[in-house]
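Residue-level listing of the chains:
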Amino acid sequence: GGAMMVLSSLTSSPISRLRSSWEKVGDKSLADFNFISYLLGQDKNFKVYRQTVQQTSSSEPCIIYIGLFLTDFTFICDSKPIFCEENPSLINLERINAVGSKIWE
């Protein structure tokens, strides 16, 4: 979440308008900033970020953005009922599998 907070701050309206300050940022730092902006961009529901995380091997360290994880988790829980609609006395295994798959990612 830290990188997302820094990016959000740097792209906020008051900071992005500091043209003379941005002109003093070095080319390498600006290239890094643009890459992080691309990687963590919210376009198409964080598509680039999601693809990058999926391509990260389990042996590589990776700290996920918890905000996105919780959003996905909430969507799963809100969109799939706890109990089966056909038989309300049965637990909805589709929901259990979806939650488990999200945690396993």
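Up top is the structure.
Analysis parameters
- Residues numbered from 1 in each chain as written.
- Predicted model: local features only at pLDDT ≥ 70, side-chain atom pairs only at ≥ 80, totals over all residues.
- Heavy atoms only, no water.
- Phe/Tyr/Trp six-rings, centres within 6.5 Å; stacked < 30°, edge-to-face > 60°.
- Helix = DSSP H or I, 4+ residues; strand = E, 2+ residues; numbered from the N terminus.
- Buried < 20%, exposed > 50% of the residue type's maximum accessible area, 1.4 Å probe, protein only.

> Please provide a residue-by-residue account of the packing of aromatic side chains, values included.
One pass over the structure, following the stated rule, counts three aromatic pairs. Seen in terms of ring centroids, W22 and F33 are 5.1 Å apart; in terms of plane orientation they differ by 45°. Their pairing is tilted. Placement of W22 in helix α3 (residues 19-23) and of F33 in helix α4 (residues 27-39) is noted, with a sequence separation of 11 residues between them. Owing to a relative accessible area of 22%, W22 belongs among the partly exposed residues under this scheme.

> So what about the environment of A98? Which residues, and what values?
Along the chain, the position of A98 falls in helix α7 (residues 93-104). Linking A98 and K80, residues 18 residues apart in sequence, is a C-alpha distance of 8.9 Å.

> Describe unusual backbone geometry, naming the residues involved and giving the relevant values.
The residue N45 is not glycine, and still its phi comes out positive at about 60°. Residue classification places N45 among the partly exposed residues on the basis of a relative accessible area of 47%. Positive phi, close to 60°, is recorded for F46, a residue that is not glycine. As for its position among the elements, F46 is in helix α5 (residues 43-55).

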